[in-house]
Amino acid sequence: MATEKSSSNSRKWFFFAIALVTLSLPFYLYGGLDVGRATMAAAGGAAGAAAAWRSTSCPAPELDLDRRRSLAAALREVEREVAEVAGTKAVVDSKWVLRLESLASQLDPQGALDKPHKAWDFSAWLPDKPRPDASAQGERHVCPEVYLGNKYDWPLYQHGMEQEECHDVPSFGSVLTAVLPAKSWPDDVLQLVLVQIRKLYEIPVVVLVQKGGARAVSQVSFVEMDSSLSDAENLNRYILTTPFSSLERLVRVLDDLDHVQVAGGAARDAQGHWSHGCLQQHMANYQAKYTMGYYHSKYECMYCDDLLTPFVTTTKLLRSLAFSAGLSGQALYRDWFAKVRGAGHLAVLCPDVMFFVGDHVNMTADDWLPVARRWALQKVQAFDGREHLFSCESVGISCRNPLGIIQSYLLPPCCVEEMEELIGYLVSYAEQNHLDYELHAGSVLGAIKLGQYLPWDFDTDIVVNCHQFNKWMQIDAYLKTRRIKCKMKVRKKNVYLQVFCPHFFLEIVCHEGVNNSRIHLPAEYRDIPTQALYSGRWVNVRSNPGLYCRNAMGLEVLRHAAHWRTLKTSKEAKARGGYDDPGTWNKCKDPSHHSCLDKYPGDGNLPFTQPFLRP
């Protein structure tokens, strides 16, 4: 074992391990055939192939139009995310670097190879590769690895990436602690875990158990968890100062990759099923999508937004981003990783490190509900392909003040649905009574742009036939039969009325002398109103809705802007149609919220109707 440094004050990082447990069954650390080693086989020939690639000249490829557009769209997305926090106090998202580097590499592969980089930017050294001085490598907590080639342990490849002997790192027991949240583990399972850890490492072990479960075991500290607290609160209370947990490989990755704050390994369950457990997570429009897989890698590790397997992180990070009080089980980890991503940090998963678990993570709708509450999510597309839907009430979303919401955020889908239901009552009333009507103003704009209610609007506008206005005055009685708590208020007799509902209002107006826009259609088409598909239902709109919107709302009408009641405009802007800079939004009050309007492009409808679609 390497000798310990004389002073712990020289350490820059502190690490804390969480033994991730699925279905209350633990993992134990796996080190291949030799218990002194921490990793499984790495892919043969990777370093040599990469070196050969770097020495090859690579002309820039011809990019077709679709590929150029895709790259340009990706660049604009990064630019928008950067612009969102430009000039404000914010953490720079480490993922921007990965995405920009990937885009640059695709545009100019040779330039990517020629960019400045470390003299040896790989996870392991080659045996004959000269090494820099220890002072140039920075502080290390484990010895480096050397790659002995793809013939070293043919054909099973349990070895090849081997840890070297060194004497300038602290003892592993001083930088590694295993923390086992074992409050529901059977005694035989806990005993198995402790035995397996002892086979591999001489490290401190802390076991969190139920009250009365403490016992005397050599080199094991039992801590009784407070039953009145959640798993998150108990873990936050017992964050230790021992730097690392898990295998040396993960420690080494955290040493080598400054921008990475969390490192995990793959898992094999009791049935022999292996999974890497690397997730990409995206939240938008009150929805979350979790996808198994990765876009980028480094040092044979996948960059991930979330991990379903045991992981290592720093004590510093856990203290700055503590587990959210009240959460337990898998919700605790989904929430914490979302906070890690929100703070701009990166996680990796190294699939050559394998943990044994009782079973892989499985989350039901009840398991997801605390995450949905914490992040205001109405829909979760889970990593197992299942989709979980939650009501506004169940996740704490209110539609009480829509104008206040759209100052900064999209209206939640349930609020949009509430307004569309009210519009549906108006349409049904008109159809049952053979009344002329047409959506106009912002309502017809929503039909044109999104095929639904604009999620930055807060009222509905319809224009009706003045000769039929008396019939519209009776809509109050119709709504009562539908048990809708809305009240009608006449603003101008036979011209303008409003219907006030608990959260929204509807405006019904007639234009004297102009009963409907069908007079502008050719005579043979005037008997049939123009209809647009609006939230799955065909509704009457202006005879030429696109022309109406362009003439009524001016230049760049297909671009988006905040509601006029939330936005000040200049006289010149009003002359152009009403907006100083179409395609921009108000600054969001809470930039961390996934549904801030300024997180969305000011143009196009797919980011709203298909929030997880990528160009």
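Analysis parameters
Residues numbered from 1 in each chain as written. Predicted model: local features only at pLDDT ≥ 70, side-chain atom pairs only at ≥ 80, totals over all residues. Heavy atoms only, no water. Helix = DSSP H or I, 4+ residues; strand = E, 2+ residues; numbered from the N terminus. Buried < 20%, exposed > 50% of the residue type's maximum accessible area, 1.4 Å probe, protein only. Contact = heavy atoms within 4.5 Å. Areas by Shrake-Rupley, 256 points an atom, 1.4 Å probe, with all protein chains shown as cover. Phe/Tyr/Trp six-rings, centres within 6.5 Å; stacked < 30°, edge-to-face > 60°. Axes fitted to C-alpha atoms, helices over the stretch in contact; angles between N-to-C directions. Parallel < 35°, antiparallel > 145°, perpendicular 65-115°, else oblique. Left-handed = near helix turned anticlockwise from the far one by under 90°. Pairing = 2+ DSSP bridges. Polar contact = N/O pair within 3.5 Å; in protein donor to acceptor, adjacent residues only side chain to side chain. Salt bridge = Lys/Arg side-chain N within 4 Å of Asp/Glu carboxyl O. Arc of directions from axis to C-beta. Disulfide = S-S within 2.5 Å. pLDDT = per-residue confidence, 0-100.

If you look the chain up in an unreviewed UniProt entry, it shows as LicD/FKTN/FKRP nucleotidyltransferase domain-containing protein from Penaeus vannamei.

(A) Local environment of the overall build of the chain. Secondary structure summary: the chain contains 21 helices and 25 strands in total. Within the chain, the proportion of its 615 residues that are buried is 51%. A separation of at least 24 residues holds for 68% of the contacts in the chain among residues at least 6 apart in sequence. Just so you have it, the chain exposes about 29,900 Å², and 53% of that area is on carbon and sulfur atoms.

(B) Structural context of the packing of aromatic side chains. The full count for this structure, using the stated rule, is 17 aromatic pairs. The interplanar angle of 45° and the centroid separation of 5.7 Å between the aromatic rings of Phe323 and Trp336 together place this pair among those described as tilted. Of the two residues, Phe323 sits in the loop between helix H10 (315-320) and helix H11 (329-342) while Trp336 sits in helix H11, which places them 13 residues apart along the sequence. Note on accessibility: Phe323 and Trp336 belong to one class, buried. The interplanar angle of 50° and the centroid separation of 5.0 Å between the aromatic rings of Tyr429 and Tyr478 together place this pair among those described as tilted. Placement of Tyr429 in helix H15 (residues 413-432) and of Tyr478 in helix H18 (residues 475-481) is noted, with a sequence separation of 49 residues between them. Among the residues examined, Tyr429 registers a relative accessible area of 4% and is labelled buried.

(C) View of the packing of helix H16 (residues 442-449) against helix H19 (residues 545-553). Between H16 and H19, the shortest axis-to-axis distance is 10 Å and the interhelical angle comes to 125°. Classed by the angle they form, the pair H16 and H19 counts as oblique. The two elements H16 and H19 cross, and the hand of that crossing is left-handed. The residues of H19 that touch H16, namely those facing Gly442, Val444, Leu445 and Ile448, are Pro545, Gly546, Tyr548, Cys549 and Met553.

(D) Geometry of the sheet that holds strand S6 (residues 205-209). The strand order S5-S6-S7 describes an open sheet built from three strands, whose pairing is parallel. Two strands bound the open sheet, and with one partner strand each, they are strand S5 (178-181) and strand S7 (220-224). Recorded for the sheet is a direction-independent mean angle of 20° between the axes of neighbouring strands. Relative to S7, S6 runs parallel, the two sharing five bridges. By the bridge assignment for S7, Val205 is matched with Val220.

(E) Molecular detail of the side chain of Thr309. Topologically, Thr309 is positioned in the loop between strand S14 (306-307) and strand S15 (311-314). A distance of 2.5 Å separates the side chain of Thr309 from the backbone oxygen of Gly265, its partner in a polar contact.

(F) Geometry of the pattern of salt bridges. For the structure on display, the rule yields 14 salt bridges. Arg252 is the salt-bridge partner of Glu145, the closest N and O atoms lying 3.5 Å from each other. Taken together, the positions of Glu145 in strand S3 (residues 145-147) and Arg252 in helix H9 (residues 248-256) put the pair 107 residues apart, joining distant regions of the chain. What makes Arg252 buried here is its relative accessible area of 3%. A salt bridge links Arg341 to Asp305, with the shortest nitrogen-to-oxygen separation between them at 3.0 Å. Highlighted residues: Arg341 in helix H11 and Asp305 in the loop between strand S13 (301-304) and S14, separated in sequence by 36 residues. We classify Asp305 as buried; its relative accessible area is 4%.

(G) A look at H19. Looking only at H19, the buried set comprises Pro545, Cys549 and Met553. Down the axis of H19, the buried side of the element spans an arc of 40°, and every buried residue falls inside it. Those residues of H19 that are exposed and aimed more than 90 degrees away from the buried face are Arg550 and Asn551. Count one or two residues on from H19 and you reach Gly554, which has phi positive near 85°.

(H) Geometry of the environment of His467. By secondary structure assignment, the location of His467 is in the loop between strand S20 (459-464) and helix H17 (469-472). You can call His467 exposed: its relative accessible area is 69%. Note: C-alpha distance between His467 and Leu435 (32 residues apart in sequence) is 9.8 Å.

(I) Structural view of the state of the cysteines. In total, this model carries eight disulfides according to the counting rule given. Disulfide pairing is shown between Cys466 and Cys510; the S-S distance is 2.2 Å. Residues Cys466 and Cys510 are joined through a disulfide that is right-handed, its torsion about the S-S bond being 100°. Linking Cys466 in the loop between S20 and H17 with Cys510 in strand S23 (residues 505-510), this pair joins segments that are 44 residues apart in sequence. For the pair Cys466 and Cys510, a shared accessibility class is recorded, and that class is buried. Each sulfur in the disulfide pair Cys588 and Cys596 lies 2.1 Å from the other. Taking the torsion about the S-S bond as the criterion, the Cys588 to Cys596 disulfide, at about -65°, is left-handed. Accessibility assignment for this pair places Cys588 and Cys596 in one class, buried.

(J) Main features of the side chain of Asp269. Tracing the backbone through its elements, the reader meets Asp269 in the loop between strand S8 (260-268) and strand S9 (274-275). Reaching out from Asp269, the side chain makes a polar contact with the backbone nitrogen of His273 at a distance of 2.8 Å. Excluding residues within four positions of it along the chain, Asp269 makes contact with Val357, Gly358, Asp359 and His360.

(K) Just the confidence of the model for the chain, in detail. Here the chain averages 80 in pLDDT, while 80% of its residues score no lower than 70. Segment residues 1-60 is flagged for pLDDT under 50; beyond a separation of four residues in sequence, or across chains, it makes 172 contacts in the model. Per-residue pLDDT stays below 50 along residues 240-246; that stretch engages in 44 contacts with residues further than four places along the chain or on separate chains.

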